[in-house]
Each structure stands twice: as C-alpha cells, then as structure tokens.
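Below, each chain spelled out in residue letters.
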Amino acid sequence: MSTARPPYRLALLASIAVLTGYLLTLAPSVTFWDAGEFIAAARTLGIPHPPGTPLFVMLAHTWGLLVPFGEYAWRLNLLSAVCAAAAAGCWFLVAHATVLRMYDDLDASPRNVLAIGAGGSAALLTAFTFTNWQNAVETEVYSVAMLSIALVAWLAMRWREHRSTTTGARMMLLALYLGAMSIGNHLLALLIGPAVVVAWLMESRRAPLGTRDEAAAEWVRIAMFAAIWLLLIGFGLGSVTLTAVSIGLVLVAGVFAIRTRQLSFTVMALLIAFVGVTPYLFLLFRARQAPWLNEADPSTWDALLGVIRRAQYPIRTPLDDPTVLHGELNPGRTFTILGYQLANYVQYFDWQWAKSIGVTIAPSLGRFLVTMGAFSLGLRGAWAQRNRDRSGFGLLAMLWLVTGLGLVVYMNFKPGTTLGYDLWPNGSDHEVRERDYFFVVSFVAWGAWVAIGLADLIRTLMPRVRGAARGAMLSLFALAAVPLVLNARVASRHGGPEATFARDFARALLQSVPPGGILFTWGDNDTFPVWYAQAVEGLRRDVTVVCLALAETPWYMRQLRDTPRVPVDPSSLASVWRDAAAPLETGPLHSLTDAMIAGFVPQRLAEDLVVQLPNGVSVTVPKGSAVFGKDLMVLQILRQNAGRRPVSWSVTAAQKTFDLGPALIQQGLVLTLPIGTIDSTRLVAGAASGPGGAALDLVTTRRLMAENWSFGSLFTGDVLSLDGNIRGMAATIALPYAQVGVGLLQRGDTTGALAALRTAAHLSDQPAIREILQALQGHQAPPLSTP
C-alpha cells in the first residue's frame, strides 16, 4: 500500500485543463430557469426560492465583488466553472489513489503511469459528461455541490492512509464540516455521506487497527460521523422525525464515545456541524431587512423553518402517483410509473457520453455504441475495483446507488418531457423540464469507474505485448476524451442560438411594457430573467413584476403591497415610450390587508362575479369557476390600477387575462390594458390579433422589434434542434413576428410581411406560418433570413 504524497500538481494541471474547456463554452449571459433568480439574489444579497441557498448567495456575492472583469452574469457563471474544474481535480486524485492500491503488485514505474492515466481520464470523464458540463457553464448550485462531494470523496480515500493518526480524525471532522456547510447550498452534497460511511466501515473491517481499543475507538468515530451526518440530513429536510431519530443515535454513539475515550472527538464533531449550518441564520437576518428579492420572507423562526421544509411546494411522497396530487385520492405509485422513471434515468445516462450524435429523442446507432462502451468500461472498472480495492469500491458503488437509482425511487418524478405520452397525454402529467441534473452525481461516479476500467484494460493488455506496443496501449486513455469531443456542440452555452436568449428575452419583454406598468408573468422562464435584468442591469425598474406562480402565497401578496414603486427612469425606456403618458397611480399595488390575504381560500363561485374597473371595463368570472387567491389578488390589482397604470400580461401568461382580450392591445410581447385610448390607425385585428382577440399595435411592435430587440444568433442558428423548453420560448418570440407579418399583409406590404414571416418560420415550426409563406412564394418554402 502506497503512502506517497498525492500528485497535487498534476491534479491542479488537470483542473486547469478542464477549466480551459469550460471557458470556451461558458455562458456569456444569464440562462433560463433558476440562473436569473440566483444572479439577482447574489447581486442584491437577496433570498431565492426555498430552501434559500444562503451559502451559495453569500459565496456568489463575494465572488462577484472579487472578480474585477466581465459582465456580472459571466462572473458568476465563471464561479460554477471554477468549482466544477476543481471537482475534476479531486476525481483525478480519487482515481489515482484507487489505481495505486489496485496494482501494488506492479513495479513503481508502470503503476504510476497507470495511476496518472486513470487520474487524467477521471478528470475528463467526470468533467465533460453532458449534464455536469451544462451545470458547469451557468450560475447554478450544482457545481458548488459537486465540489463538496468531490472533496469529501477525496478525504474519504485519503483517510485510509492516516486512519491510525490524529490526521485521520481531522479528515473526518473536515468532511463533516463540508457536509454541514453544503446544506446552505444544496442537499445533493449530503448524499456522499452514506458512501463515506460504507467505505470507512469496509476499510476498518478489512484491516482493523492494531489493538482492540484502537479498533473500537475507530468504529465509534465512524458511528458518530454517521449519526451526525444523518442529523444534518434531517435538518436539511426539515424533518422532525428524522431529526429526532438522529439525535437518539447521536446520544447512543455518545455513550460509546465516553467508554472509548472519544468524547473530545464527539464534542468537536457536534460543534463543527453546528457551525457548518449557521449560514441559515443569514436568511433570518437578511429577510428582516426586506431585500429586493425575498422569497418566502423567512423573517421569523416559523417562516425560516417553512423555508427549510420547502413548505410552499406541493407534497409528493415516494409512495404517491406523481401525476396526481398527494392525498386520499392519490392511487399510489405503480410499477408502470416506476418503469418510465427508470427509462428516464437510462435516457439521461445515454446523454452523458456522446449527446451530439443523434440529438433527436431517439439515439442514433453511433451514440448507442458510445454509451454501451462507457457502460461496459464502467462495469469493468467497478468489478476490478471491487476485487482489488474493496473500500474504494464501496465508496463509488454506494455513491452511484444513492444518487442514481436511490434518487429515482425517492424523488418520484413525473415522466419526462419526451416519454410516456401514450399513457399520460396531458402536458401537466409530465415534468416541466428534464430532470437529468438531479442524477448528475451518479453519472460522475460512473465516469470515475470508466477511468478505472480503462486502466484495468491497459493493465490486462500490456503483458501480452512487447516493446513500443506497450506504449501504444497507453493511447487507450485517449478514449476518456470522447465525451469532451462528442458533447461539446450540445453542452456549450457560448455562441449558439440560446447563448444570450434569456437576457435578450427579458429585455424585449420589459421594453414591451409602457412606462410605470404592471407586468403579469407566468413562471420561472418568463420571470427569473426579468428579475435579473432589473436587479443586475437596472433595466426598467419602474415595471412592477407580478409572478402568477407565486401570487398564491401570502408572503408574496404582502410584498407586492408593501414594496414601494420605483419612479420611471426615462433613460432606460425604449424610444417608442419616450412620449407615452405617465401613470396616474403612484400608490401601493393593492390595498388588501393582512387579514384579507390570510382569509383567501380556494372556492367555486356560486354565482357570476362581476368586477367593474375604473376605466369602464368590467370583468366577469362565470358561475362555477374555481377561484384561487391569486385570482382575487389580480382582480384587486385591476380594480385599483386599470386606467391609472398600464396593466400588461406577458404573452406567456395570456391565459390569465380574465377574457379581457378585446379590451387589450398587444404591444411586442405583452397584452396591455392601456391608459386612455390608442390611435386606431396603429392597430390591426382579424388574423393578426393576439391571444384572446387583442388587437395588435402594429406600429409599436415593429418599432420595438427594429430598435430594441436583439437575439444574438437566434435568427440564424439552428433553433429547432435546441432543448424543448428553449424551442418553446423561441416560439413565443415567433408569435409577434407572425402577427406583424399577417398585419402587413392586410395593409398590402408584401415585402415587409415576407421578412417577418420568414423569421417566425425560423423560430417556430408552426404549419400555419409555412402555409402562408408557401402561398406567397408560389408554393415553395422561401429561404430563412433575419428581417
């Protein structure tokens, strides 16, 4: 067994090489989903969605201050890249240590060569699996979690060399501290705990320490580590039951700690665990200062506990049918659902190694062969490690099981976005996006096994050849670069059609709103980029954003009422709004009291609900309609602001306009209930109408397109091969282009109509758009171009 100093310099070089690859594919701006929210929270020291991720917010905020170059979003994306590259260096060390132990029967020189080859391969294979690569080039919590996991894995391996010394105990405490801190980032990092405990127990059983007392003390230290780690999981989940059970286990382990003279270790472990979770106090103190972003408002101990427990999200247990709400009517999870969930995991596993080959739903033969190669080499690596390094095998095997199949069972996701429509035809019965990122650790663990498998393959082949051919065998390590080469095109977020799409969409959406307006958005992808634009770029802070996905929560209703309005900054307005009428209402968004907000309950109307608005328009909610708290709040906002402030709905939230369509005007990407009237010569209706029959303000929309909309290479890149959600957002952009095209046709401008319709056809594969184009050009689809 080798006790040589690990090759930290080589691991650092591996990290730098990986970071170089990341930098070439780094997102130059904000991406869709949670990134916009996290960047806004980091910039303002705010509080993102539960569980609040306080460690990540503080770390990202500090990083953004210390890095002196690049736009703010790029700086925080760089943080993810650096963390993921450092994690790759740790996996280099893990694979290196494993191979040294596996082949301690070899001479030093060939053993070191195999170990270095395995380490370099592990760095590449873990870094450039598709999902890990995607996470590494955007602002998300997963790269920080991956670094925590990789560091703990390396400490677990290194502990084996120092377990009989005080250094070994310190490594255990450091691993515990990393786990405790990780609660403030993402609970994913805590899933390394069971793997570490299994590995240490296997090592202690394989080679007990010298005396019986020493062996007993080691078992107690491991038991205490396991009990406190379980306590951390209970705290992170906000589970009273699991916390109580783990406290009991800590007390039992404490009794044995006293008997084996390990009380000082126990006290230090508990103290370190307590210090590690203190970042959660940031949420309590910062929420009381009412930051710009303050989700769930954890300003009281009860509210903080609700954030930790994720109380605002619907309950879903591992026993539920995930397509049905939790409760007595839930029929329970079936083997059919489990089969589709396992199929989703296999689908995600297939993506990791060569996703750019066959980017459609069904993989190509080439990708299948690469995936089978990775699967076979991983099995070989796992088997070789089991035979020659049993405790190292226990670490990776448990890590893969817990973060792979274990999460399939525990998370109980709905079928993914591309599977199961034969049984679940409704989109609401599927996840809103693919959940491969939840299983990223299992893919990384398998990548480490593939690296070990390559080393074992070369070790087996080398005795069968002589001379220069032996050196040629080492070239097999180059297979580790396959994911780097065959994932680059689809994993890159730099330079593609979507590179700046989220930021550009936010700008276009905000600039579509008249000065001082209210903007209703639907959910993550049309809200978080807007938050980013307002908080980081300072764009259109005069627009009050109301996210309907959050509007059911009392804390959000209160914040919308209590947050003061930001005056209009003329310098941030699109030129089309420079002469627009100023809003007449400057008071709170609504006047609902705390008692009224607390009294909102979902109900089905016994009779028609008619709400008369100040501008003379009335809203009728029909008898029998289900009305929720957010509906009543929106009606109250309309009652107080219609005719006094522009009230707009993003086209993504058009289903919540209460049949106001005929009274609305579509301007760019919003449907607006304007102040006063709009010159009818600017409007077109009929086939050019917006959702719900809203007339299109052709003049304003064309000016916004020409003067303010910039979507990078979206108009020239291959949009239809992108992720389904991004294609959906591109289709949102296509809508006003198609409407403008039809409106120009109505006015006899065929040239302008063709340009707009070509852009719409490029962004969306809607047959109706193609049919119009074919009719205009002699039944031949025209070439696509930027208008």
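Each residue is numbered by its place in its chain's sequence as written, counting from 1. Whole-chain, interface and lining totals are the exception, using all residues; otherwise, since this is a predicted model, local features are given only for residues with pLDDT of at least 70 and side-chain atom pairs are given and counted only at 80 or more. To get the side-chain values, all heavy atoms of the structure are used, and hydrogens and water are removed first.

(A) Quick look at the overall build of the protein. Runs of E in the DSSP output that reach at least two residues are strands. Runs of H or I that reach at least four are helices, and both are numbered from the N terminus. In terms of regular secondary structure, the protein is built from 30 helices and 11 strands. Atoms counted for the radius of gyration: C-alpha only. Globule rule: 2.2 Å times residue count to the power 0.38. Relative to the 2.2 N^0.38 estimate, which gives 28 Å for 787 residues, the radius of gyration of the protein is 29 Å and therefore close to what a compact globule would have. Its C-alpha atoms give the protein principal-axis dimensions of about 90 × 65 × 55 Å. Counting all 787 residues of the protein, 56% fall into the buried class. Long-range pairs, those at least 24 residues apart, make up 74% of the contacts in the protein with a sequence separation of at least 6. Summary of the burial criterion: residues with accessible area below 20% of their type's maximum are buried, those above 50% are exposed, and those between are partly exposed, where the area comes from a 1.4 Å probe applied to protein chains only. The contact rule is simple, with two residues in contact once any of their heavy atoms fall within 4.5 Å.

(B) Examining the state of the cysteines more closely. Any cysteine sulfur atom paired with another within 2.5 Å is treated as part of a disulfide. Scanning the model with the defined rule gives zero disulfides in all. You can see Cys90 has no disulfide; the closest cysteine sulfur is in Cys83, sitting 11 Å from it. Residue classification places Cys90 among the buried residues on the basis of a relative accessible area of 7%.

(C) Molecular detail of unusual backbone geometry. Between Pro50 and the following residue, Pro51, the backbone shows a cis peptide bond with an omega angle of 15°. Inspection of the secondary structure puts Pro51 in the loop between helix H2 (35-44) and helix H3 (54-66). A positive phi angle is found at Arg540, which is not glycine, with a value near 50°. For Asp659, which is not a glycine, the phi torsion comes out positive at approximately 60°. Take Asp659: it is sitting in the loop between strand E7 (647-650) and strand E8 (665-667). According to the relative accessible area criterion, Asp659 is exposed, its value standing at 68%.

(D) Spotlight on the pattern of salt bridges. For this analysis, a salt bridge means a side-chain nitrogen from Lys or Arg found within 4 Å of a carboxyl oxygen belonging to Asp or Glu. The full count for this structure, using the stated rule, is 23 salt bridges. Among the ionic pairs, Glu138 bridges to Arg493, the shortest N-O distance being 3.4 Å. Residue Glu138 is found in the loop between helix H6 (130-136) and helix H7 (142-162), and its partner Arg493 is found in the loop between helix H21 (482-491) and helix H22 (501-511); the two are separated by 355 residues along the sequence. Residue Glu138 shares its accessibility class with Arg493, and that shared class is buried. A salt bridge links Asp350 to Arg367, with the nearest nitrogen and oxygen atoms 2.9 Å apart.

(E) Molecular detail of the packing of aromatic side chains. Paired rings are identified among Phe, Tyr and Trp, the last through its six-membered ring, by centres lying within 6.5 Å, and are further divided according to the angle between planes into stacked (under 30 degrees), edge-to-face (over 60) and tilted (the rest). Across all of its chains, the model carries 36 aromatic pairs by this definition. Here, a charge over a ring means that NZ of Lys or CZ of Arg falls within 6 Å of the ring centre while also lying within 35 degrees of the ring normal. Its end group placed over the ring of Tyr72, Arg43 keeps NZ or CZ at 4.6 Å from the ring centre. Lying over the aromatic face of Trp351, Lys355 brings its terminal NZ or CZ to 4.7 Å of the ring centre.

(F) Main features of helix H16 (residues 365-388). A helix is expected to reach a length of 1.5 Å times the quantity of its residues less one. An ideal rise of 1.5 Å per residue puts 34 Å on 24 residues; H16 measures up with 34 Å between its terminal C-alpha atoms. Tucked into the core, H16 has its buried residues touching helix H4 (72-102), helix H15 (335-354), helix H17 (390-403) and helix H19 (440-461).

(G) Highlighting the nonpolar core. In this structure, Tyr22, Ile192 and Phe501 are the most contacted members of the largest nonpolar core, which totals 245 residues. Apart from the residues within four sequence positions on either side, Ile192 is in contact with Ile149, Val152, Ala153, Trp229, Leu395 and Leu399. Put simply, buried Ala, Val, Leu, Ile, Met, Phe, Trp, Tyr and Cys residues joined by side-chain atoms within 4.5 Å make one nonpolar core.

(H) View of the sheet that holds strand E10 (residues 683-684). Read across the open sheet, the seven strands follow the order E2-E1-E7-E9-E8-E11-E10; overall the sheet is mixed. Lying at the two open borders of the sheet, with one neighbouring strand each, are strand E2 (544-547) and E10. Paired strands, as defined in this entry, are two strands with at least two bridges between them according to DSSP. Summarising the sheet, E8 and strand E11 (residues 695-697) pair through two bridges and their orientation is parallel. Paired with Gln666 across the two strands is Leu696, which belongs to E11. The strands touched by helix H26 (residues 629-641) are strand E1 (518-521), E2, E7 and strand E9 (670-673); relative to E1, the strand with the most contacts, the crossing angle is about 160°. Helix axes are fitted only over the stretch in contact, all axes being lines through C-alpha atoms; the angle between N-to-C directions runs from 0 to 180 degrees.

(I) Representation of the environment of Ala35 within the structure. Mapping Ala35 onto the fold places it in helix H2. Given the relative accessible area of 1%, Ala35 is considered buried. Residues Ala35 and His430, spaced 395 residues apart in sequence, show a C-alpha to C-alpha distance of 22 Å. Apart from the residues within four sequence positions on either side, Ala35 is in contact with Val30, Glu138 and Thr139.

(J) Structural detail: helix H23 (residues 524-535). With 12 residues, H23 extends 16 Å between its outermost C-alpha atoms, agreeing within 8% with the 16 Å of an ideal straight helix rising 1.5 Å per residue. Buried residues dominate H23, accounting for 11 of its 12 residues. Every buried residue of H23 is listed here: Asn525, Asp526, Thr527, Phe528, Pro529, Val530, Trp531, Tyr532, Ala533, Gln534 and Ala535.

(K) Quick look at the side chain of Ser299. Along the chain, Ser299 turns up in the loop between helix H13 (280-287) and helix H14 (301-309). Assessed through its relative accessible area of 18%, Ser299 is described here as buried. If we ignore the near neighbours within four places in the chain, the residues touching Ser299 are Leu284, Ala287 and Arg288.

(L) Representation of the confidence of the model for the protein within the structure. The pLDDT value tells you how sure the predictor is about a given residue, anywhere from 0 up to 100. For the protein, the mean per-residue pLDDT works out to 90, and 97% of the residues sit at or above 70. The model gives residues 779-787 a pLDDT under 50, and that stretch makes 21 contacts with residues more than four places away or in other chains.

(M) Geometry of the pairing of strand E5 (residues 618-621). Covered by surrounding structure in E5 are Val619 and Val621 only, the residues Ser618 and Thr620 on the alternate face being uncovered. Across four bridges, the pairing between strand E4 (residues 609-612) and E5 is antiparallel. Residue Leu609 lies in a different strand from E5, and its bridge partner there is Val621. Between the antiparallel neighbours E4 and E5 lie five residues, among them Gly616 with a positive phi of about 90°.

(N) Representation of a nonpolar patch on the surface in the model. Here, patches come from residues exposed beyond 30% relative accessible area and free of salt bridges, joined within 9 Å for like charges and within 5 Å for nonpolar side chains (Val, Leu, Ile, Met, Phe, Trp, Tyr). In this description, accessible areas are obtained by the Shrake-Rupley approach with a 1.4 Å probe, and a residue is regarded as covered only by the protein chains that are shown. There is a patch of nonpolar side chains on the surface, built from Leu365, Phe368, Leu369, Met372, Phe375 and Leu379 and spanning about 580 Å² of accessible area. For Phe375, the position within the fold is in helix H16.

(O) Structural view of the side chain of Asp697. Tracing the chain through its elements places Asp697 in strand E11. On the basis of relative accessibility, which here comes to 1%, the residue Asp697 falls in the buried class.

(P) A look at the packing of helix H5 (residues 108-127) against H19. The contact between H5 and H19 brings their axes to 8 Å, and the two run at 150°. Classified by the angle between their axes, H5 and H19 sit roughly antiparallel to one another. Note that H5 runs across H19; the crossing there is right-handed. Taken together, the residues of H19 that come into contact with H5 (itself represented by Leu114, Ala118, Ser121, Ala122, Leu125 and Thr126) are Val444, Gly447, Ala448, Val450, Ala451, Leu454, Ala455, Ile458 and Arg459. Within the contact of H5 with H19, the residues separate by chemical class into 11 nonpolar, three polar and one charged. Geometric relationships in this document are graded by angle, where less than 35 degrees denotes roughly parallel, more than 145 denotes roughly antiparallel, 65 to 115 denotes roughly perpendicular, and other angles denote oblique. A crossing counts as left-handed when the near helix is turned anticlockwise from the far one by less than a right angle, and as right-handed when that turn is clockwise. For this classification, Asp, Glu, Lys and Arg are treated as charged, while Ala, Val, Leu, Ile, Met, Phe, Trp, Tyr, Cys and Pro are nonpolar and the rest, including Gly, are polar.

(Q) Molecular detail of the packing of H13 against H14. In the contact formed by H13 and H14, the axes pass within 10 Å of each other and the chain directions differ by 130°. The angle between H13 and H14 falls in the class oblique. As H13 runs across H14, the sense of the crossing is right-handed. On H14, the residues that touch Tyr280, Leu281, Leu283 and Leu284 of H13 are Trp301, Leu304, Val307 and Ile308. In terms of residue class, the contact of H13 with H14 is built from eight nonpolar, no polar and no charged.

(R) The arrangement of the environment of Asp107 in detail. Position of Asp107 relative to the elements: it lies in the loop between H4 and H5. The exposed category is assigned to Asp107, whose relative accessible area is 60%. Taking C-alpha positions, Asp107 is 30 Å from Val444, a pair spaced 337 residues apart along the chain.

(S) Main features of the environment of Val245. Residue placement: Val245 occurs in helix H11 (residues 240-259). Val245 sits 492 residues away from Tyr737 along the chain, and the two C-alpha atoms are 59 Å apart.

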